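Secondary and tertiary structure notes
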Amino acid sequence: MASSLPTIFYGPILHTLNHHTLQILPRALLAVAGGRIAWLIENVLPSDSGDTIRSAAASKGWHVARLHALKDGEFIIPGFIDTHTHAPQFPNLGRGQDYELLGWLHHITFPTESRFKDLEYARRTYESVVRRTLDCGTTTCCYYATLHEEATNILADVVHKLGQRAFVGKCNMDRESPDHYCEPSAQVSIEATQGTIQHIRGLKPAIPGMNLVHPILTPRFAISCTPELLGSLGELARVDRTLAIQTHISENPSEVDFVRTLFPDCRTYAHVYDAYGLLRENTVLAHGCHLDSDLLDAGADEEAISESEIELILSRGAGLSHCPTSNLNLRSGVARVGEWLDRGLKVSLGTDVSGGYSPSMLDAVRHASFCSKLVAMEHARKENSTLPVANGKPAPLGNRQLPLETLLFLATLGGAEVCNLASEVGNLVPGKSFDALVVSLRPETRNPNVWVEGDELQRSEESLQILLEKFLLCGDDRNIRAVYVAGRLAGGADASI
Ligand SMILES: [Zn+2]
């Protein structure tokens, strides 16, 4: 789509307004100009659509616009926001599932990441990675690169060229890593980080004023960073509050124990990051499976809960990236996502390649559903009660399976909140950037899992909700026909035709 010519979509739109509200607009008119949603008219009958388009276009002074009328079985949703993945680990997809986290890092991950000092290998791999995530419908992505400055800059260049919205971070790691893959000092790590920040901020946006690629501080996790390095990163963050931060937290019990021994003066894992000024409104924390696990074990009193990790994260405004595929694959644990949402935390989804074996957010959605069912079953077993059913809206989500609207929220608007980008992306309201997917469940997509026909193609709210559920649980990239980022076609099955 050329950004200079407005485009008007006519058809069903499904998006969330919060974690318990799904809005379904069966016959919406949505106009995109300059990469943004110019206007949205919620319910327009086909017989009225011509007049409505003409008057709405005239109100903006448009004489010419493209019209894209969706067919039966097609609908528009916001683009997926993957808040945690490792671009250099794509070559390892499907490997290492016999390990838990720390063994997996040393035997599977670090050897592969060290290859990215070869810049040709980096360029080749990253081109493939970014095309793949775009075709999977990921319009915004939080990427970890490796510890190499130049290879990280290549990843940012590729993201920029292919038109994805992303955060790109050079990993900081100056200890507890193999000799061949460890930075020699905190100072070297910081200088390389500053080089990457400068490089990314020098990229010229395709649409003036719309920067899609952002730098992000990326201390790999507390174990791999000396206190000196964490302190220097905290200082970079302090002088520039626009710098986003990403790291891992409480993924695996052995990791949590190790952090305790490395930082004996910090009461919890979250307090380590807070002590160095790295916990704030633009911090993305991956995993969190074992946050406050000591409190859960001990049956904590109110005072202990008020000083808990979750309360600390909440008070700092940081967000959590739930990575269920990875958490199940590496036997890390099951995050208590429903409870986090009930307590007001910002929560999103991450694929965590290659701890997670799929780059698709659709798999993250499915496994988030499974994780919440595990939480619900465990709760029911302990309480000796029947399984709660997700039918009361908006009932608390703790100890229940997550309903459809919450799953879509986590993959879209929840991700925008965690990235501190909710005023820009996450759903399809006027003024936001048009980051969206055109989804088709029509037979010509050649995915028999989601074929629909007859009454299911009616444009009613009920039938569209069924289509959304079928897509989230059984769809794949064959059903993602077009991927728009800031109004530009950047991927999808139709983009390569
Ligand atoms: Zn990770």
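Structure first, text after, so check above.
Residues numbered from 1 in each chain as written. Predicted model: local features only at pLDDT ≥ 70, side-chain atom pairs only at ≥ 80, totals over all residues. Heavy atoms only, no water.

1. Some points on the state of the cysteines
Applying the stated criterion across every chain, the model contains 0 disulfides. Of all cysteine sulfurs in the structure, the one in Cys-225 sits closest to Cys-182, which takes part in no disulfide; the separation is 9.7 Å. (Disulfide = S-S within 2.5 Å.)

2. Notes on helix H1 (residues 46–59)
Owing to its 3.6 residues per turn, the α-helix brings residues three or four apart onto one side. Between its first and last C-alpha atoms H1 spans 20 Å; for 14 residues at 1.5 Å apiece the expected length is 20 Å, and the two agree. Approximately 25° is the largest bend angle found in H1, and it occurs at Thr-52. Listed in full, the buried residues belonging to H1 are Ser-49, Thr-52, Ile-53, Ala-56 and Ala-57. Elements that come into contact with the buried residues of H1 comprise strand S1 (7–18), strand S2 (21–33), strand S3 (36–41) and strand S4 (66–69). Gly-61 lies just past H1 and shows a positive phi near 75°. (Helix = DSSP H or I, 4+ residues; strand = E, 2+ residues; numbered from the N terminus. Expected span 1.5 Å × (residues − 1). Bend = angle between axes of the 7 residues up to and from the residue. Buried < 20%, exposed > 50% of the residue type's maximum accessible area, 1.4 Å probe, protein only. Contact = heavy atoms within 4.5 Å.)

3. What to know about unusual backbone geometry
Going from Val-353 to Ser-354, the amide bond is cis rather than trans, its omega being 5°. The residue Ser-354 is located in the loop between strand S14 (346–349) and helix H14 (361–383) in this model. Positioned with a positive phi, Glu-176 is a non-glycine residue whose angle comes to about 50°. We note that His-287 has phi near 90°; this positive angle belongs to a residue other than glycine. Take His-287: it is sitting in strand S12 (residues 283–287). We classify His-287 as buried; its relative accessible area is 0%.

4. Examining the pattern of salt bridges
Taken as a whole, this structure holds 24 salt bridges when the rule is applied. Here Arg-201 and Asp-240 are joined by a salt bridge, their closest N and O atoms 2.9 Å apart. One end of the pair, Arg-201, is in helix H5 (residues 186–201); the other, Asp-240, is in the loop between helix H6 (227–239) and strand S11 (244–249), and 39 residues separate them in sequence. Residues Arg-336 and Glu-339 are paired through a salt bridge, measuring 2.8 Å at the closest nitrogen-oxygen approach. The class for Arg-336 is partly exposed, based on a relative accessible area of 29%. (Salt bridge = Lys/Arg side-chain N within 4 Å of Asp/Glu carboxyl O.)

5. Regarding the pairing of strand S17 (residues 488–491)
Examined bridge by bridge, strand S16 (residues 480–485) and S17 share 3 bridges and lie antiparallel to one another. Among the inter-strand pairings, Val-483 is bridged to a residue of S17, identified as Gly-491. Two successive antiparallel strands, S16 and S17, enclose a turn made up of 2 residues, where Ala-486 displays a positive phi of approximately 50°. (Pairing = 2+ DSSP bridges.)

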